[in-house]
Amino acid sequence: MVAVSSNGAYSFTKPNRPGIRLLAGLGVEGDVHAGVTVKHRSRVRQDPAQPNLRQVHLMHAELFDELAAAGFAVEPGQLGENVTTRGVDLLALPVGTLLHLGAEAVVEVTGLRNPCAQIDAFQPGLLKQVVGRDEAGAVVRKAGIMGVVRSGGGIRPGDAVTVTLPPEPHRPLERV
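Residues numbered from 1 in each chain as written. Predicted model: local features only at pLDDT ≥ 70, side-chain atom pairs only at ≥ 80, totals over all residues. Heavy atoms only, no water.

A. The arrangement of the overall build of the chain in detail. Scanning the chain from N- to C-terminus turns up four helices and 13 strands. Against the 2.2 N^0.38 benchmark of 16 Å for 176 residues, the chain shows a C-alpha radius of gyration of 15 Å, consistent with a compact globule. Seen through its principal axes, the chain has C-alpha atoms that stretch 40 × 35 × 35 Å. Residue burial in the chain is summarised as follows: out of 176 residues, 44% are buried. Once local pairs closer than 6 in sequence are excluded, the contacts in the chain between residues at least 24 apart make up 67%. (Helix = DSSP H or I, 4+ residues; strand = E, 2+ residues; numbered from the N terminus. Rg over C-alpha atoms; globule rule 2.2 N^0.38 Å. Buried < 20%, exposed > 50% of the residue type's maximum accessible area, 1.4 Å probe, protein only. Contact = heavy atoms within 4.5 Å.)

This is the structure:
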């Protein structure tokens, strides 16, 4: 893990922290998006009783390298993620993958983050960098993945991330 971030107030960015605590079935302790039911404002408007499949937002630091090459300066936490990783191909993981973070915490991958126009309010033109189309015309989302906390525990920058794939057949990630 490169960085961990949380914010107790609704804000696009999340300040980096020396450590955060993941709570089983809830998310990041003290984070505005923690809870059993949805906390993202757009999801609450649709149905406030739906389960929160977006308790933890993980993003790969390699995206920041790609964005820098395109002229955008983005640091961990600035796109609202809780956990920034390096060396794990998050976008290629199937639904149900277990990410072991640090010594105790386990996050189950639920799907892709569906970035919204707030990204362009942060830096104009950034949305086109994190959402595009492949050669076949299919939407490609690169703004990280979402998950739910299966086992809680404290995590810090420098902690290891270990991947446990679910049984086959694997289901590709879709937006959640």
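What follows continues from the structure just given.
B. Expanded view of the pairing of strand 5 (residues 56-60). With five of its five residues buried, strand 5 lies for the most part within the structure. Burial of strand 5 is two-sided: the residues V56, L58 and H60 facing one way and the residues H57 and M59 facing the other way are all buried. Relative to strand 11 (residues 145-151), strand 5 runs antiparallel, the two being bridged by three bridges. When the bridges of strand 11 are listed, H57 appears paired with M146. As paired strands, strand 5 and strand 6 (residues 83-85) are joined by three bridges and run parallel to one another. Directly across from L58, in strand 6, lies its bridge partner V83. You can see the chain leave strand 5, run along helix 2 (residues 61-69) and come back into strand 6, and the turn it takes is right-handed. (Pairing = 2+ DSSP bridges. Right-handed = clockwise from strand over helix to strand, strands pointing away.)

C. Geometry of the environment of Q129. Inspection of the secondary structure assignment puts Q129 in helix 4 (residues 126-130). Owing to a relative accessible area of 25%, Q129 belongs among the partly exposed residues under this scheme. Note: C-alpha distance between Q129 and R17 (112 residues apart in sequence) is 26 Å. Each residue touching Q129, except ones within four places of it in the same chain, is listed here: E66, L67, A70, F72 and K142.

D. Molecular detail of the sheet that holds strand 6. With mixed pairing, eight strands are arranged side by side in an open sheet as 2-1-6-5-11-8-7-13. Bordering the open sheet on either side are strand 2 (16-17) and strand 13 (161-164), each of which pairs with just one other strand. Relative to strand 6, strand 1 (residues 3-5) is paired through two bridges, and the arrangement is antiparallel. When the bridges of strand 6 are listed, A3 appears paired with T84.

E. Structural detail: the sheet that holds strand 3 (residues 20-23). On the basis of which strands lie adjacent, the open sheet formed by three strands has the order 4-3-12 and antiparallel pairing. Both outer strands of the open sheet, strand 4 (27-28) and strand 12 (153-155), are each paired with one neighbouring strand and no more. Sheet topology note: the strand 3/strand 4 ladder contains two bridges and is antiparallel. By the bridge assignment for strand 4, L23 is matched with G27.

F. Inspection of helix 2 at higher detail. Of all the positions in helix 2, only A61, L63, F64 and L67 are classed as buried. The buried residues of helix 2 all sit within an arc of 145° when viewed along its axis, so they share a single face. A positive phi of about 95° marks G71, the residue just after helix 2. (Arc of directions from axis to C-beta.)

G. A look at unusual backbone geometry. Between E168 and the following residue, P169, the backbone shows a cis peptide bond with an omega angle of 5°. Tracing the chain through its elements places P169 in the segment after strand 13.

Without other data, these values stay purely geometric and don't point to any function.
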